[in-house]
Amino acid sequence: MAKSLSILFVSSEVYPFAKESGIGDVAFSLPLALKELGHDVRIMLPKYGTISERKNRIHEINRLKDMPIPMGDVEELATVKSSSVQNSRNKVQAYITTNYNYFDAKKGVYHDPVTWEEYPDNAERFIFFNRSVVETCMLLGWYPDIIHCNGWQTALIPAYVNHVFADKFVNTKTVFTIHNLATQGESPLAVFNKTGMPEEIKTHFKHKNKFNFMKGGIVFADRVTTVSENYAAEVLKDKSLNNGLDKVLKDKGEAFTGILNGIDKCTWDPRKDKSIPKRYEDDFAEYKINNKAELINLADFDYKPKTPLIGMITRIDEQKGIPLLLESIDELMQLDIQLLILGKGDDNLKDLVKAAAEKYPEKMKFVDEFNEKMAHMVEAGSDFYLMPSKFEPCGLNLMYSIVYGTMPIVHGVGGIVETAFDVDKDSEKGNSIVFNSYAKDSLVEAVKRATELFADKDKFRELVSKSMEQDHSWNKSIDKYVEIYQSLM
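Cut-off values and rules
Residues numbered from 1 in each chain as written. Predicted model: local features only at pLDDT ≥ 70, side-chain atom pairs only at ≥ 80, totals over all residues. Heavy atoms only, no water. Buried < 20%, exposed > 50% of the residue type's maximum accessible area, 1.4 Å probe, protein only. Helix = DSSP H or I, 4+ residues; strand = E, 2+ residues; numbered from the N terminus. Pairing = 2+ DSSP bridges. Lys, Arg positive; Asp, Glu negative; His and termini not counted. Salt bridge = Lys/Arg side-chain N within 4 Å of Asp/Glu carboxyl O. Polar contact = N/O pair within 3.5 Å; in protein donor to acceptor, adjacent residues only side chain to side chain. Contact = heavy atoms within 4.5 Å. Axes fitted to C-alpha atoms, helices over the stretch in contact; angles between N-to-C directions. Parallel < 35°, antiparallel > 145°, perpendicular 65-115°, else oblique. Nonpolar A, V, L, I, M, F, W, Y, C, P; charged D, E, K, R; others polar. 1 Å grid on protein atoms, 1.4 Å probe; cavity = no way out; pocket = protein on both sides within 12 Å on 5 of 7 lines; lining within 4 Å. Points joined across faces, edges and corners; volume = space filled by probe spheres on them. Right-handed = clockwise from strand over helix to strand, strands pointing away.

### Some words on the pairing of strand 12 (residues 223–226)
Here is step 1 of the chain: Side chains of strand 12 alternate between two faces, with R223 and T225 and V224 and T226 buried alike.
Here is step 2 of the chain: Strand direction decides the pairing type here: strand 12 and strand 13 (residues 256–258), joined by 3 bridges, are parallel. Looking across to strand 13, one finds that V224 is bridged to F256.

This is the structure we're talking about:
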């Protein structure tokens, strides 16, 4: 193996502490995969109000108590504590930024969990967190080889490291991963003054007359990645996906690249998963029937062996294709299916989803929450997994579905095209039903194909059980990240 590196992996959410999106899963699985290769990896995240210090074994670090963090004309105090994340093979140390007003007093990550409105001080919250990361490194005297930043919520760190405190972080390089270009961390331009950064670099964070976290992260990071090659290509050419940041991405040249995410095989393994009623033991029918029966009971459906159960675990928003689903729902409900949706999101769209579920109570259920245990049950107990995303940077749930023997029905876009291969077009790698047009007729036709395939039990079971053997772990991608890290050294 090449030289071992010291890596600080920074994220606003990390499973199992806090998770509102796929970032939480990646910030758990990738550091553990890097640790398995022998690198010195540590994680840093904020402590939100729902994170139990006792349950997560969070401890104080004497040197990191009451750190003054400048926020414009005032100082706020951060106390950074210690914990860890682990799977059955490895453990990674975690540093956790605490502050009552910014984090502990709030029960959500980015949104109020009751109203789903974004917290109005999100910009200030993550300015504070970003600065706490660099202050922690300086207080510890630990200057890692790589600081790997994830999402707009960490996008100030490259500027702090490569410009403001460049004399301290002499040998530290930064990697910034864009998980979704649709959320860029925009706020009034005056908020920039709270960063403590010099006025001359303000222009690098100014976009459409707003303070844009992500733009600065792209400009100042040594390397920029996103979560699939196809999504990287899409955001460079599709204005609807990039909010005008295509120019700064193109300016990075070869320093911008797409690398497909992987999944943690210890956490998402139907043979070992303690969250599901029946683990997989090479008898697919027994595994699926038992898990489906439990999920059907939980959803309060009637169990119908010949009726496919279609699951969704999703944010209720435009990106995830909820408007398209609603437009198609009357026609879909004429098919012999049951549809179970688990997720939170936009209130107006949620009301429409609830109304559809009330209109078709025997065929559609909506569970208005994020529930990690139930998410595993949906993956194991559903026959199909529906992902009608308008755009999709990666699509981790697509990978979970395949390894859990649940066939995806997906819109072929973004990272999905690197993972989902249509069963009617690819006899070797076929694992999904793919529709390529974001339109009602295409979605309905794809679900019809699913019902027809499900009616042929032997063929369906052969396809999904074969797909379960595919490798969607970090084995395929992690070397690409290590190559980037090594090249920066």
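### A word on the side chain of K252
Here is step 1 of the chain: Within the secondary structure, K252 is located in the loop between helix 8 (246–251) and strand 13.
Here is step 2 of the chain: Here K252 is buried and forms no salt bridge, its nearest opposite-charge partner D222 lying at an N-O distance of 6.9 Å.
Here is step 3 of the chain: Of note is the side chain of K252, whose polar atom sits 2.7 Å from the backbone oxygen of A221.
Here is step 4 of the chain: Those residues in contact with K252, other than ones at most four positions away along the chain, are I218, V219, A221 and V224.

### So, the packing of helix 14 (residues 440–455) against helix 15 (residues 457–467)
Here is step 1 of the chain: Taken N-terminus to C-terminus, the directions of helix 14 and helix 15 make an angle of 105°; their axes are 5 Å apart at the nearest point. By the angle between their directions, the pair helix 14 and helix 15 is classed as roughly perpendicular. On helix 15, the residues that touch L453, F454 and A455 of helix 14 are K457, K459, F460 and L463.
Here is step 2 of the chain: Of the residues in the contact of helix 14 with helix 15, the class split is 5 nonpolar, no polar and 2 charged.

### Observations regarding helix 5 (residues 213–220)
Here is step 1 of the chain: In terms of burial, helix 5 is largely enclosed, as 7 of its 8 residues are buried.
Here is step 2 of the chain: For helix 5, the full list of buried residues reads F213, M214, K215, G216, G217, I218 and F220.
Here is step 3 of the chain: The backbone nitrogen of M214 has a side-chain oxygen 3.0 Å away, supplied by the residue at the start of helix 5, namely N212.

### What about the sheet that holds strand 10 (residues 206–207)?
Here is step 1 of the chain: Spatially, 9-11-10 is the arrangement adopted by the 3 strands of the open sheet, whose pairing is antiparallel. In this open sheet, the two edge strands, each paired with only one partner strand, are strand 9 (186–188) and strand 10.
Here is step 2 of the chain: Its contacts with the sheet put helix 5 on strand 10 and strand 11 (210–212), and the angle it makes with strand 11 is roughly 50°.

### Concerning the pattern of salt bridges
Here is step 1 of the chain: Enumeration over the complete set of coordinates arrives at 31 salt bridges.
Here is step 2 of the chain: Measuring nitrogen to oxygen at the nearest pair gives 3.5 Å for the salt bridge that ties E124 to K194. In this pair, E124 is assigned in helix 3 (residues 122–140) and K194 in the loop between strand 9 and strand 10, connecting sequence segments 70 residues apart.
Here is step 3 of the chain: With a relative accessible area of 14%, E124 lands in the buried category.
Here is step 4 of the chain: Residue D251 pairs with K247 through a salt bridge whose shortest N-O separation is 3.2 Å. Pair noted here: D251 and K247 are both in helix 8, with a separation of 4 residues, about one helical turn. No difference in accessibility class separates D251 from K247, as the two residues are exposed.
Here is step 5 of the chain: Each of the salt bridges in this network shares a partner with another, and the network as a whole consists of K344, D347, K350, K354 and D368.

### Examining empty space enclosed by the protein
Here is step 1 of the chain: A full pass over the atoms with the stated rule returns 2 cavities of 30 Å³ or more.
Here is step 2 of the chain: The volume enclosed by the largest cavity comes to roughly 40 Å³.
Here is step 3 of the chain: Forming the walls of the largest cavity are Y15, D25, F28, I263, D264, T267, W268 and Y400.
Here is step 4 of the chain: The residue makeup of the lining of the largest cavity, split by class, is 5 nonpolar, 1 polar and 2 charged.
Here is step 5 of the chain: If you go around the second largest cavity, the residues you meet are S401, I402, G405, T406, M407, P408, N431, V464 and S467.
Here is step 6 of the chain: Secondary-structure elements contributing two or more residues to the lining of the second largest cavity are helix 13 (396–403), strand 18 (407–411) and helix 15.

### Digging into the pairing of strand 1 (residues 6–10)
Here is step 1 of the chain: Taking burial as the measure, the 5 residues of strand 1 include 5 buried ones, the bulk of the element.
Here is step 2 of the chain: The side-chain alternation of strand 1 yields two buried faces, one formed by S6, L8 and V10 and the other by I7 and F9.
Here is step 3 of the chain: By the bridge criterion, 5 bridges tie strand 1 to strand 2 (residues 40–46) in an arrangement that is parallel. Paired with V10 across the strands is M44, a residue of strand 2.
Here is step 4 of the chain: A crossover links strand 1 with its parallel partner strand 2, the connecting element being helix 1 (residues 22–36), and its sense is right-handed.
Here is step 5 of the chain: With 4 bridges joining them, strand 1 and strand 7 (residues 146–150) adopt parallel strand pairing. Within strand 7, the residue paired with L8 across the bridge is I147.

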